[in-house]
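Geometric and topological summary
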Amino acid sequence: MNPSFTLPNAASLAQHWQTQQAQAYAYPEVGSSAVDPPPGYDHDHEATLLGFGDGVFRAAAQALREWAMFPPGWTQIYPKNAPLEPGSVVLVLFRIFGLWWWRNSSRIVYLIDEPTRFGFAYGTLPAHIERGEEIFWVELRDDGSVWYSIQAFSKPNRWYVWLAYPLARAYQRKFRRDSFAAMEERVKSEK
């Protein structure tokens, strides 16, 4: 367990991040979010309309590049400027009940960089409380609409997450809702 009542300091984060570099993924179905999510996991997929046009699409893609889809206040990314490249390791810090900060480690599995789609998937490492993969992407559709989507397959990776399973699922829903709000706020000037 790695909860802390305070946000971990830079030295602690750097040390933990360094120890995660050589870790293998915590699940065998690496890359499955690009095709069909595997059985035996919870499957989630939600999307929100961000607006219309190339400007909104460009702003949304830039927001993903800057990890702006992580809700401020109760989530953070380390390192803050982590490159969106396959193999990059990031720590996702999140606050639960407004009391404890948790560190989860993930590695970018693949990048989507197409004229009308941009995004990436990351997969959990053993130090993550969940097992699975999550993909974030924005898409400019033929009608000019720009959609932000989150898709994931996951299951608990710790006994205490199994015990608090309804709470874990509630936090996953909260993350998606708050992530949509963060992206909407970020691109609203382009609408």
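Before reading further, recall that the structure is shown in the block above.
Here's a quick rundown of the structure. These figures come from a predicted structure and were not determined experimentally.

1. Section: the pattern of salt bridges
Counted by the stated rule, this structure contains ten salt bridges. Residue Glu139 is joined to Arg141 by a salt bridge in which the shortest nitrogen-to-oxygen separation is 3.6 Å. A network of salt bridges, in which partner residues are shared, links Asp42, Asp44, Glu46, Arg169 and Arg176.

2. A look at the layout of surface pockets
Each pocket or cavity is described by its volume, and for the largest pocket that value is around 740 Å³. If you go around the largest pocket, you meet 35 residues; those closest to its centre are Phe94, Asn104, Ile129, Glu130 and Gln172. Listing elements by their share of the lining of the largest pocket, those giving two or more residues are strand E3 (89-96), strand E4 (100-114), strand E5 (117-124), strand E6 (130-140), strand E7 (145-156), helix H3 (159-163) and helix H4 (165-187). Here the lining of the largest pocket takes six residues from H4, the largest share from any one element. For the lining of the largest pocket, a count of residues per class yields 22 nonpolar, seven polar and six charged.

3. Thoughts on the nonpolar core
Trp67, Phe136, Val138 and Tyr148 are the most contacted members of the largest nonpolar core, which totals 40 residues. Secondary structure elements with two or more residues in this core: helix H2 (54-65), E3, E4, E5, E6, E7, H3 and H4. The dominant element in this core, judged by the number of residues it contributes, is H2, at seven residues. Those residues in contact with Phe136 that sit more than four places away from it in its chain are Leu64, Met69, Phe70, Phe118, Gly119, Phe120, Tyr122, Tyr148, Ser149, Ile150 and Phe175. Membership of the second largest hydrophobic core comes to nine residues, among which are Tyr27, Tyr110, Ile112 and Ala121.

4. Examining the environment of Arg176
Looking at where Arg176 falls in the secondary structure, it is placed in helix H4. Each C-alpha atom, one on Arg176 and one on Glu46, is 7.8 Å from the other, the two residues being 130 residues apart in sequence. Once residues lying within four places of it in the same chain are set aside, the contact partners of Arg176 are Asp44, Glu46 and Ile150. A polar atom in the side chain of Arg176 sits 2.8 Å from the side chain of Glu46.

5. Brief notes about the sheet that holds strand E2 (residues 75-78)
Paired through their backbone hydrogen bonds, the strands of a sheet run either parallel or antiparallel. If you trace the seven strands from one edge of the open sheet to the other, you get E1-E7-E6-E5-E4-E3-E2, paired in antiparallel fashion. Each end of this open sheet is capped by a strand with a single partner; those strands are strand E1 (42-52) and E2. Each strand of the sheet is rotated relative to its neighbour by a mean of 25 degrees, with strand direction disregarded. Where E3 lies against E4, eight bridges are found, and the strand directions are antiparallel. Within E4, the position partnered with Leu91 by the bridge is Ser105. Contacts from H2 reach E1, E4, E5, E6 and E7 within the one sheet, and its direction differs from that of E6 by about 155 degrees.

The rules behind the values
Residues numbered from 1 in each chain as written. Predicted model: local features only at pLDDT ≥ 70, side-chain atom pairs only at ≥ 80, totals over all residues. Heavy atoms only, no water. Salt bridge = Lys/Arg side-chain N within 4 Å of Asp/Glu carboxyl O. 1 Å grid on protein atoms, 1.4 Å probe; cavity = no way out; pocket = protein on both sides within 12 Å on 5 of 7 lines; lining within 4 Å. Points joined across faces, edges and corners; volume = space filled by probe spheres on them. Helix = DSSP H or I, 4+ residues; strand = E, 2+ residues; numbered from the N terminus. Nonpolar A, V, L, I, M, F, W, Y, C, P; charged D, E, K, R; others polar. Core = buried A, V, L, I, M, F, W, Y, C linked by side-chain atoms within 4.5 Å. Buried < 20%, exposed > 50% of the residue type's maximum accessible area, 1.4 Å probe, protein only. Contact = heavy atoms within 4.5 Å. Polar contact = N/O pair within 3.5 Å; in protein donor to acceptor, adjacent residues only side chain to side chain. Pairing = 2+ DSSP bridges. Axes fitted to C-alpha atoms, helices over the stretch in contact; angles between N-to-C directions.

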